[in-house]
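Architecture at a glance
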Amino acid sequence: MIELSKTLELLFENEEGRQVTVSVDQPIEPVDAAAVANSMAVILNGNTLLSSGGDLVAIRGARVVERNVNVIELP
């Protein structure tokens, strides 16, 4: 049996210059790029998330990741 899952990943940069990824399971498709950009701006400007490397300081991008899982049926 094959299971397909999709995740929307929001990519930010923190104060240390490292990437911080926020994942959203089962995004509504098609993904609205403008809505994603606006949401990311709200997160960034509102300083609502913290990382171990400090505050988020920039938006790096966003992507939809698809994952196929092959479940092996055991006897």
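Residues numbered from 1 in each chain as written. Predicted model: local features only at pLDDT ≥ 70, side-chain atom pairs only at ≥ 80, totals over all residues. Heavy atoms only, no water.

1. Concerning the pairing of strand β4 (residues 54–70)
Every regular strand shows the same layout, with side chains that alternate between the two sheet faces. Here is the rule we go by: Here a strand pair is declared whenever DSSP counts at least two bridges between the two strands. We count a stretch as a helix when DSSP gives it H or I for four or more residues in a row; a strand needs E for two or more, and each element gets its number in order from the N terminus.
Here 13 bridges tie strand β1 (residues 2–14) to β4, and the two strands are oriented antiparallel to one another. Along β4, the bridge assignment pairs Glu3 with Val69. Relative to β4, strand β3 (residues 50–51) runs antiparallel, the two sharing two bridges. The residue of β4 that forms the bridge with Ser51 is Gly54. Count of turn residues in the β3/β4 antiparallel hairpin: two residues.

2. Some remarks on the pairing of β1
Taken together, the seven bridges between β1 and strand β2 (residues 19–25) define a ladder with antiparallel strand orientation. Counterpart to Glu9 in the pairing with β2 is Ser23.

3. Digging into the pattern of salt bridges
Test applied: One speaks of a salt bridge when a side-chain nitrogen belonging to Lys or Arg is within 4 Å of a carboxyl oxygen belonging to Asp or Glu. The classification of residues rests on relative accessible area computed with a 1.4 Å probe and restricted to protein chains. Under 20% of the type maximum is buried, over 50% is exposed, and intermediate values are partly exposed.
All told, the structure shown has five salt bridges when counted by the stated rule. As a salt-bridge pair, Lys6 and Glu29 come within 3.0 Å of each other at their nearest N and O atoms. One end of the pair, Lys6, is in strand β1; the other, Glu29, is in the loop between β2 and α1 (33–46), and 23 residues separate them in sequence. When its relative accessible area of 24% is taken as the criterion, Lys6 is described as partly exposed. A salt bridge links Arg63 to Glu9; the shortest N-O distance between them is 2.6 Å. One end of the pair, Arg63, is in strand β4; the other, Glu9, is in strand β1, and 54 residues separate them in sequence. You can call Glu9 buried: its relative accessible area is 14%.

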